[in-house]
Amino acid sequence: MILDGKCPTGPIEQTWDKHRFDLKLVNPANKRKYKVIVVGTGLAGGAAAASLGELGYNVEAFCYQDSPRRAHSIAAQGGINAAKNYPNDGDSVYRLFYDTIKGGDFRAREADVWRLAQVSNNIIDQCVAQGVPFARDYAGYLDNRSFGGAQVSRTFFARGQTGQQLLLGAYSALARQIKAGTVKMFPRTEMLDLIVVDGEAKGITVRDLVTGELRTHVADAVVLATGGYVNVFYLSTNAMGCSVTASWKAHRKGAFFANPCYTQIHPTCIPQAGEYQSKLTLMSESLRNDGRCWVPKKKEDLGKKPSEIAEEDRDYYLERKYPSFGNLAPRDIASRAAKEQCDDGRGVGPGGRGVYLDFSSSIKRLSEDTIRERYGNLFEMYERITADNAYKTPMRIYPAPHYSMGGLWVDYNCMSNIPGLFVLGEANFSVHGANRLGASALMQGLADGYFVIPYTIGGYLAQTKPGKVAADHPECKKSIEEVQAYNNKLLSINGKRTVTDFMRELGSLMWENCGMARTKESLEENIKKIPALREEFWQNVKVTGSGAELNQQLENAGRTADFFEFAELLCRDAHHRNESCGGHFRAEYQSEDGEAQRDDANYCYVGAWEFKGVDKEPELHKEPLKFENVHLAVRSYK
C-alpha cells in the first residue's frame, strides 16, 4: 500500500494556514456534545487536554503516574527551539525548517516540519504568558543558547530544567480545566487496549493500578501522547515506567508503526556504573555550548588525571572532525564520534567507556560563577551521582539510548490510519526524520498539543455523530475479557525468572546488535534470538501477587511482553533499510571517513508496518517522501 500523508499542496509558506481554513469546524455549542480521550499527560498530552477542554470538548485524560506533573517530559533539561531570532544572528522560520530537515537526514515530511517551525514562535509566547521562567539576559529580554545541528542561537531555556518548567506551565493550564469541569483526570491508570468499532477508534480499556479494576472508557476520538520506546534497550535515559505499551496495543488493533528503527543515542550521559544499574542519567546537550569533548591522544596517558595531560596531548575530536559545528555537532554524529574514540582504545574511565567534557576553558574565559548560573543544577546532579566536582575536573560522559524518532504513523492531521485515533509528540513519527536535533522534542510536543490537534481533531469530529458507541457495546465487553485473560495468563505461569531478568537480557541483545551501530548479521541474530527469548518468557517468568491489587510485577510483565514483540519489529525495520541515515547506522553503509551513507534512490520513504500476528511477518507499507523546498544533499557538518 502506498500511504497518503494528506499533505497540503502549494507554496509551503501558506500550507498550514490554508489547511486550517479548509478544515471543517465544530461550533462552540456542539463541542460540548463530543468526548475526547487523551492518554498521556506530558507536554503533548497535557497541552492537548488543556486546549481541548478550553475549547469546550469533554475530555478524559489518563496517566499511569500519580500526577500529570510526573510525566517524563519533566526530565528534559536543555531547552526548546523557536525561530524568534532574538540574538539577530540570522535565524528564521525557513532556517529552523531547513536545519530540522537536514538534522533528520532528509527522512521527514517537509509540510510537517514547516508547520513545526512556523508555530514555534507561538509556543514561546504561550509559555511566557503562563509564567514559565525562561532565562533572561541582563536587560530582561529572553535569552537564547545554541544546540547541536544549528549555527544560530535559538534555544530558550530555564537553566537545566526546561522540561520541568514547561510541564508545570502545561499542568497549570490542565488544572484550570479540571477545576472548570471540562477535563476529568484519571491518574494511576494504564491503557491496555484500544477499542475499535466499525474501523474507528472509539475508546480504551484501562487498568486501575491501585485497585486492579479493569474498565472501558468510550469517546468520539482517542488521542495517544504516550512518549517513546527506547526502554527497549533496558538501560536508557528514560524513566523506568516509559514503555511502548499504549502504542503497541494500538498497533495490534491495526495502527501502522512507522520507522521503528530510528532511535536516538544521546552523546552526553553519565556512563554506566555497574551491571545492575536500572537506568542512565542524561547530562544536557546544552553543556556542549561551554564544554569541550576530548580524549588523550596517546593511550599511555589513560592512567593519568586529566589535569596531568598537556593541552597538546588532548584530542578535541569533534573540533577536529567537524570544524564548522565543533562540539555542537548533531547527536547521532557526536555519539558515533565518541564511540569511535573508545573503540580506538582511548576511552577514559572504567572499561574505557567514556570521554571527557571539559569546562576549564569556559571557566577561565567566563568565570565559574557564569557557568554555575547557566548549568548549576546539572553540575550538582553530576556530583551527587559521581562524587566528582565538574568545576574542578572534567565530566566523564558516554552515549546512551535517549529518544525515538519512529512511532505510530500519522497523516498531516496527526491522525493514524485508524480514523479517530490521533497520535502526538514522541509517540508519532512525523517531524524528526532519522535524527532529532536537540531542543526539538519539547517544541514538537507543545506544537502538537497547543497548536495542531485543536484544529485537526475538529475536522474529524465535524463529520462524526457524537456518542455513536455506548459503554455497553459488545466490543467493550470483548476488550475487557481479552485483557483479563492476558493478565491471568501472565499470573499463572509461575516460572523461575524475574521480569527484570528477561528485560535486562532483551536490552542487552538490542544494545549490542541494534544499538549505536547495526549490521545485517547482528540484526539477523536478533530476529532469531528474540522470539526464542520471548517464548521462554511466556514459559518461565514469575509474576507474584494477583490482578486485583496494586501489582507492579504485573505492570512490568505486561510492558516487557510488549517490548518483546516490538523489539522484533524494530530489528526487522532496521534489517530491511539497507542504508545508514541519522540514528540508523548500518555499519555496511558508510563513507570512507565513517559518515552515514544514505540511499535516496531506494529508501527515501517512510516505512510503516502493519501487524499480522505475533509469529507472522508484518507487512510493509510505504509513504514516499518528496523534497521540493530543501533539496536532497549529503548531510555534512564539516
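Residues numbered from 1 in each chain as written. Predicted model: local features only at pLDDT ≥ 70, side-chain atom pairs only at ≥ 80, totals over all residues. Heavy atoms only, no water.

**Here's the deal with the overall build of the chain**
Within the chain, the regular secondary structure consists of 17 helices and 19 strands. A globule of 638 residues ought to have a C-alpha radius of gyration of about 26 Å, and the chain, at 24 Å, matches this closely. In terms of overall dimensions, the chain has C-alpha extents of about 75 × 60 × 50 Å along its principal axes. Sorting the 638 residues of the chain into buried and exposed places 61% on the buried side. Long-range pairs, those at least 24 residues apart, make up 74% of the contacts in the chain between residues at least 6 apart in sequence. For the chain, the exposed area adds up to about 24500 Å²; of that, 49% sits on carbon and sulfur atoms. One way to put it: in the chain the 79 positive side-chain charges average out to a point 3 Å from where the 79 negative ones average out. (Helix = DSSP H or I, 4+ residues; strand = E, 2+ residues; numbered from the N terminus. Rg over C-alpha atoms; globule rule 2.2 N^0.38 Å. Buried < 20%, exposed > 50% of the residue type's maximum accessible area, 1.4 Å probe, protein only. Contact = heavy atoms within 4.5 Å. Areas by Shrake-Rupley, 256 points an atom, 1.4 Å probe, with all protein chains shown as cover. Lys, Arg positive; Asp, Glu negative; His and termini not counted. Charge placed at Lys NZ, Arg CZ, Asp CG, Glu CD.)

**Quick look at the sheet that holds strand S10 (residues 257–258)**
With antiparallel pairing, the four strands of this open sheet are ordered in space as S16-S10-S18-S19. Edge strands, defined here as strands with exactly one partner in the open sheet, are strand S16 (407–408) and strand S19 (619–624). Relative to S16, S10 is paired through two bridges, and the arrangement is antiparallel. Its bridge partner lying in S16, Ala258 is registered against Gly407. In this fold helix H16 (residues 552–576) packs onto S10, strand S18 (605–610) and S19, with an angle of close to 145° to the strand it touches most, S18. (Pairing = 2+ DSSP bridges. Axes fitted to C-alpha atoms, helices over the stretch in contact; angles between N-to-C directions.)

**Digging into the sheet that holds strand S6 (residues 189–197)**
In space, the three strands of this open sheet follow the order S6-S7-S8, with antiparallel pairing throughout. Taken across any chain shown, the strands that pair with only one partner, and hence form the sheet edges, are S6 and strand S8 (214–218). Taken pair by pair, the neighbouring strands of this sheet meet at an average axis angle of 30°, ignoring direction.

**Some points on the pattern of salt bridges**
Scanning the model with the defined rule gives 59 salt bridges in all. Residue Arg598 is joined to Asp105 by a salt bridge in which the shortest nitrogen-to-oxygen separation is 2.9 Å. With Arg598 in the loop between H16 and helix H17 (600–603) and Asp105 in the loop between helix H4 (93–103) and helix H5 (110–130), the pair connects residues that are 493 residues apart, well separated along the chain. Exposure remark for Arg598: the relative accessible area of 17% places this residue in the buried category. Judged by its relative accessible area of 2%, Asp105 falls in the buried class. A salt bridge links Arg109 to Asp112, with the nearest nitrogen and oxygen atoms 3.1 Å apart. We classify Arg109 as buried; its relative accessible area is 3%. Connected through salt bridges with shared partners, the residues Asp105, Arg107, Arg577, Glu579, Arg598 and Asp600 form a single ionic network. (Salt bridge = Lys/Arg side-chain N within 4 Å of Asp/Glu carboxyl O.)

**Structural notes on the domain arrangement of the chain**
According to the domain assignment, the chain consists of domain 1 (267–398) and domain 2 (474–604). Each side of the interface is counted separately: domain 1 has 10 residues, and domain 2 has eight residues. Our count for the domain 1 to domain 2 interface comes out at zero salt bridges. Where domain 1 packs against domain 2, one counts two residue pairs in polar contact (both at pLDDT 80 or more). The leading source of residues in the side of domain 1 that touches domain 2 is helix H9 (residues 331–343), at five residues. Grouping the amino acids of the side of domain 1 that touches domain 2 by side-chain chemistry returns four nonpolar, one polar and five charged. (Domains from an automatic or database assignment. Polar contact = N/O pair within 3.5 Å; in protein donor to acceptor, adjacent residues only side chain to side chain. Nonpolar A, V, L, I, M, F, W, Y, C, P; charged D, E, K, R; others polar.)

**Overview of the pairing of S6**
Consecutive side chains along a regular strand alternate between the two faces of the sheet. In terms of residue burial, S6 counts as a mostly covered element, since nine of its nine residues are buried. Pairing between S6 and strand S7 (residues 200–208): eight bridges, direction antiparallel. Residue pairing for S7: Thr189 is matched across the bridge by Asp208. The antiparallel hairpin formed by S6 and S7 contains two residues in its connecting segment, where Asp198 sits at a positive phi of about 55°.

**Points about the packing of aromatic side chains**
This structure, assessed with the given rule, holds 29 aromatic pairs. Centre to centre, the rings of Trp294 and Tyr356 are 4.8 Å apart; their planes meet at 45°, and the pair counts as tilted. Of this pair, Trp294 sits in strand S12 (residues 292–296) while Tyr356 sits in strand S14 (residues 355–358); the two residues are 62 residues apart in sequence, bridging distant segments of the chain. Across this residue pair, the class does not change: Trp294 and Tyr356 are buried. Members of the aromatic cluster, each reached through a chain of ring pairs, are Tyr229, Trp248, Phe257, Phe566 and Phe611. Positioned above the aromatic ring of Trp538, the side-chain terminus of Lys489 is 4.7 Å from the ring centre. The ring of Tyr64 carries the charged tip of Arg559 above its face, separated from the ring centre by 5.1 Å. (Phe/Tyr/Trp six-rings, centres within 6.5 Å; stacked < 30°, edge-to-face > 60°. Lys NZ or Arg CZ within 6 Å of the ring centre and 35° of its normal.)

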